[in-house]
Amino acid sequence: MWAALAGIASAAAGFAVAELVAAFVAPGSSPLFAAGAGVVDAVPAPLKDFAVETFGTADKAVLLGTMAVVLAAGAALAGWLELRRPPVGSLLLAVVGAVAAVVAVVRPGASVAWALPSLVGVGIAVVLLRASIGTLRPASTTSDGVVRATGPDRRRFLLVTGLTVAAGVVALATSRAVSAGNRVVTAARDALRLPAASVTAPAVPAGADLGVPGLAPYVTPNGDFYRIDTALRVPQVDPADWTLRISGRVDEPFELTFAELLDLPLVEHHLTLTCVSNGVGGDLVGNALWLGYPVRELLERAGVQDGADMVLSTSADGWTASTPLEVLQDADRECLLAVGMNGEPLPAEHGFPARLVVPGLYGYVSATKWVTELKVTTFADDVAYWSTRGWTERGPIKLASRIDTPRANAGVEGEVTVAGVAWAQHTGIDAVEVRVDDGPWQAATLADTVGPDTWRQWSYAWDSAGAGTGAHRLTVRATDADGEVQTSDVASPAPDGATGWHEVEVSVG
Ligand SMILES: Nc1nc2c(c(=O)[nH]1)N[C@H]1C(S)=C(S)[C@@H](COP(=O)(O)O)O[C@H]1N2
Ligand SMILES: [Mo]
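Residues numbered from 1 in each chain as written. Chains lettered and ligands numbered in written order. Predicted model: local features only at pLDDT ≥ 70, side-chain atom pairs only at ≥ 80, totals over all residues. Heavy atoms only, no water.

Draft legend 1. Highlighting the site of ligand 1. Around ligand 1, 18 residues are found, and the nearest of them are Y226, T230, H350, R355 and K369. Interatomic distance of 3.0 Å between a backbone N/O atom of I228 and an oxygen atom of ligand 1. Interatomic distance of 2.5 Å between a side-chain N/O atom of K369 and an oxygen atom of ligand 1. For the shell around ligand 1, the residue count by class is eight nonpolar, five polar and five charged. (Near = heavy atom within 4 Å. Polar contact = N/O pair within 3.5 Å; in protein donor to acceptor, adjacent residues only side chain to side chain. Nonpolar A, V, L, I, M, F, W, Y, C, P; charged D, E, K, R; others polar.)

Now the structure itself:
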């Protein structure tokens, strides 16, 4: 048990040292995050789906927690092995460190230096492990070659392990102090004053927000906006260093700096983002006022060549999305290279300093955050991140509706306001209906909206007394502006988005 403890303490100190080295090399080079990113990329679509459905946006914390537990178990084993069969424990640590180094070096945007944190960290861990296991050896050899059975030296063990833990804490604290990258970017964001829009969005009509308690507000505040991405650590992109490259099948490739982008005439537009992983009734959807420059103008400036049918956008951390070219060139669709979200610079986790937002397409094929390149290409030539993992290469958002209130299993009585949201981005919602148990569909009242690119609130006044006491089931379905009625066919999110009606069971008292 002491040996296992020594293993964990040594590995933890090694990790702390690796963090410290990573703070100097690059934020992404920290072994835990680089390896975690490798795991995220390797996860097959059904497992990712399961993780998002089960843990929601806590999936990253669950992944890091699981990795920490597995690593602690491995470190305990290394300690035990080092005591029983030296130097097998040290070798185990060395192998794990070498693998972590390789995984870090092959991350997108990594350099050979990204191996350093793992290598230095594991070197320290091995030295500390050998030192503390040495104190536990039941026998020691004196200088004149006589073997004495001295028994484990508990006092020295506790001293060495204590020093190991202390060294780890100091290394970790220093690494936090040194990793100034985050502060630079936070300061740049705080100092940024966004220019006024050349084309302002129409004011949100008073009737767009019904103000029903428990109902998602029409405009989602930035702090409540869902976050989905593969980044275990939010990429820190300094606007002073940021550029967007327009490349590929264009006559005039060019690069745009952030200052140049802010000088362009910017457009404001409300649009509702949705994640393809959103299950029926789920909350991976949010509506915001975006400020940005139309992507179609950038494409026009570059001069798109014949034969292209897709734009592959790439983020600072190497993630990619494939967006149909015709969508981005559509004169009637505000596809934006966005810099503002609800009147503020983009929050870091939502893509600061610039991201794409496209009405009508799921985020995984359109909404690239921390975007650094738009490559005009073809679906035949390039495949985006999630399309190589089983998701379809084009992802139009499916017609959906959700009941926000009452909540599942709520106790209700008398007149009940049933309310929720419905979305069919870029087509628009024309009707929402509610059904109690297997009764007839009843028309809900639709709230106002600024246009077809956002979700729409709805409400329905239900006389629950008429239904009688006991359990009742509320179901919602929407009809879009093309007259399509939301299907009852149940489909899970993979490979192109969930379908089915949202139902809520309530208990009338
Ligand atoms: N760089 C990057 N951009 C990304 C992703 C990502 O993993 N990396 N995920 C996409 C997905 S799947 C969705 S649904 C939206 C979510 O945007 P949000 O986090 O701002 O809500 O971002 C998209 N942009
Ligand atoms: Mo997504």
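Here the narrative resumes, following the displayed structure.
Draft legend 2. Structural view of the pairing of strand 3 (residues 243-248). Looking at chain direction, strand 3 and strand 4 (residues 254-257) are connected through four bridges and run antiparallel. Bridged to I246 within strand 4 is F254. Between strand 3 and strand 4, which follow one another and run antiparallel, lie five residues. (Pairing = 2+ DSSP bridges. Helix = DSSP H or I, 4+ residues; strand = E, 2+ residues; numbered from the N terminus.)

Draft legend 3. Summary view of the UniProt feature "transmembrane region" (unreviewed entry) in the protein. The sites that carry the UniProt feature "transmembrane region" (unreviewed entry) are, in the present numbering, residues 61-81, 88-106, 112-136 and 157-174. Helix makes up 95% of residues 88-106 and strand 0%. Its end C-alpha atoms lie 27 Å apart. Between the end C-alpha atoms of residues 112-136 there is a gap of 38 Å, over a span that is 76% helix and 0% strand. (UniProt positions renumbered as here; feature names shortened; annotations may be inferred.)

Draft legend 4. Representation of the nonpolar core within the structure. Grouped together as the largest cluster of nonpolar side chains are 84 residues, with contacts concentrated most on L244, L261, W290, L298, L337 and L374. Counting 22 residues, the second-largest nonpolar core is a separate cluster that includes V412, A422, A444 and V508. (Core = buried A, V, L, I, M, F, W, Y, C linked by side-chain atoms within 4.5 Å. Buried < 20%, exposed > 50% of the residue type's maximum accessible area, 1.4 Å probe, protein only.)

Draft legend 5. Inspection of the domain arrangement of the protein at higher detail. The domains assigned to the protein are domain 1 (2-141 + 150-182), domain 2 (206-388) and domain 3 (400-508). Look at where the C-alpha atoms of domain 2 and domain 3 centre, and you get two points 29 Å apart. Taken together, the contacts link 37 residues of domain 2 with 30 residues of domain 3. With both chains or domains summed, domain 2 and domain 3 bury close to 2,400 Å², and 59% of this area falls on carbon and sulfur atoms. For the interface between domain 2 and domain 3, the tally reads zero salt bridges. Summed over the shared surface of domain 2 and domain 3, the result is 15 residue pairs in polar contact (both at pLDDT 80 or more). Secondary-structure elements contributing two or more residues to the side of domain 2 that touches domain 3 are strand 5 (267-274) and strand 6 (285-294). In terms of residue class, the side of domain 2 that touches domain 3 is built from 16 nonpolar, 16 polar and five charged. (Domains from an automatic or database assignment. Contact = heavy atoms within 4.5 Å. Buried area = accessible area lost by both parts, 1.4 Å probe. Salt bridge = Lys/Arg side-chain N within 4 Å of Asp/Glu carboxyl O.)

Draft legend 6. View of the environment of L266. Considering the arrangement of structural elements, one finds L266 in the loop between helix 9 (258-263) and strand 5. Given a relative accessible area of 1%, L266 falls into the buried group. Sequence separation of L266 and V436 is 170 residues, and the distance between their C-alpha atoms is 46 Å. In this structure, L266 is in contact with P195, A197, S198, V199, L261, L291, G292, Y293 and V339, ignoring residues within four places of it in sequence.

Draft legend 7. Examining the sheet that holds strand 20 (residues 470-480) more closely. Strand order in the open sheet formed by five strands is 14-21-20-16-17, with mixed pairing between adjacent strands. Edge positions in the open sheet fall to strand 14 (411-412) and strand 17 (442-443), since each of these has one partner strand only. The pairing of strand 16 (residues 429-436) with strand 17 spans two bridges and is antiparallel. Following the sheet pairing, V434 is matched in strand 17 by Q442.

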